[in-house]
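Okay, here's what each chain looks like letter by letter:
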Amino acid sequence: MPRNTITAAVFPLLLLLLSIASSAYGFTAAPNNGVSMMMTTTTRHAASSSSSSGGDPNEIIARKIIVCGDVDGGYYRSCVKNEGGRFRKLIGTMTPPDDSKRAEILIEGKRKMVDGFVRWCERGNVGLSQKITVESVSEMEATGLFDDFYVPTGRGK
């Protein structure tokens, strides 16, 4: 198979992957000379005081995030666990579901990961038409009591 044929077959797949990544991670793709793609990031500033103004990005910090809305469902809880525990390597917990439409998320980890998780929570749109809002974000003292990210689902009541 000639090299141009392979390039022509792979290029549309790369464009598709680029568009998926751009919508999922806040990138915008701008064509450059009609041939290659240039990635630029869009900056989102959190309205609350949760973003740090400096400091060591690898410093271990803790935050308490109070979220309101459709927080008792299993989908939102699994998204919180994946985003916090798997993707950002944070430790902490989320309060169990209790029909109050309110939950507390306690997290500890590197400053850059915690700040990113807070921004993810403030985005509020996790899919499946669930509406989530962040009521407050407060600083806490990092304790190191957790060894993983625990999110109870309410099963086994």
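Remember, it's a predicted structure, so these values are computed and weren't measured experimentally. (Residues numbered from 1 in each chain as written. Predicted model: local features only at pLDDT ≥ 70, side-chain atom pairs only at ≥ 80, totals over all residues. Heavy atoms only, no water.)

Asks: Can you explain the pattern of salt bridges? Please cite residues and give values.
Replies: The full count for this structure, using the stated rule, is 4 salt bridges. Two residues, Glu-59 and Arg-111, come together in a salt bridge whose shortest N-O distance is 2.5 Å. With Glu-59 in the loop between strand S2 (36-41) and strand S3 (60-69) and Arg-111 in helix H3 (residues 111-123), this pair connects stretches of sequence that are 52 residues apart. With relative accessibility at 34%, the residue Glu-59 sits in the partly exposed group. (Salt bridge = Lys/Arg side-chain N within 4 Å of Asp/Glu carboxyl O. Helix = DSSP H or I, 4+ residues; strand = E, 2+ residues; numbered from the N terminus. Buried < 20%, exposed > 50% of the residue type's maximum accessible area, 1.4 Å probe, protein only.)

Asks: Before we move on, could you go through the sheet that holds strand S4 (residues 91-94) and cite the residues and values that matter?
Replies: Adjacent strands of a sheet pair through backbone hydrogen bonds, lying either parallel or antiparallel. Strand order across the open sheet formed by 5 strands is S6-S3-S5-S4-S7, with mixed pairing between neighbours. The two strands at the open ends of the sheet, each matched to only one other strand, are strand S6 (132-140) and strand S7 (149-150). Here 8 bridges tie S3 to S6, and the two strands are oriented antiparallel to one another. By the bridge assignment, Gly-69 is partnered in S6 with Ile-132. Taken strand by strand, H3 contacts S3, strand S5 (102-110), S6 and S7, and its axis lies near 155° from that of S5. (Pairing = 2+ DSSP bridges. Contact = heavy atoms within 4.5 Å. Axes fitted to C-alpha atoms, helices over the stretch in contact; angles between N-to-C directions.)

Asks: Tell me what's going on with the pairing of S4, and back it up with residues and numbers.
Replies: The pairing of S4 with S5 spans 4 bridges and is antiparallel. By the bridge assignment for S5, Ile-91 is matched with Glu-108. Pairing between S4 and S7: 2 bridges, direction parallel. Among the inter-strand pairings, Gly-92 is bridged to a residue of S7, identified as Phe-149.

Asks: Please set out helix H2 (residues 74-87) residue by residue, giving values where relevant.
Replies: Look at H2: 18 Å from first C-alpha to last across 14 residues, which is about the 20 Å you get at 1.5 Å a residue. The set of residues buried in H2 consists of Tyr-76, Arg-77, Cys-79, Val-80, Glu-83, Gly-84 and Gly-85. Looking at the buried residues of H2, the elements they touch are S3, S4, S5, H3, S6 and S7. Positive phi shows up at Lys-89, right after H2, with a value of about 55°. (Expected span 1.5 Å × (residues − 1).)

Asks: Talk me through unusual backbone geometry; I want residue IDs and the actual numbers.
Replies: A positive phi angle, near 60°, is found at Asp-99, a position not held by glycine. Position of Asp-99 among the secondary structure elements: in the loop between S4 and S5. Here the phi dihedral of Lys-101 falls at roughly 60°; this positive angle occurs in a residue that is not glycine. Looking at the element boundaries, Lys-101 is found in the loop between S4 and S5.

Asks: Any details on the pairing of S5? Residues and values, ideally.
Replies: Bridge count between S3 and S5: 9 bridges; the pairing is antiparallel. Paired with Ile-65 across the strands is Ile-105, a residue of S5.

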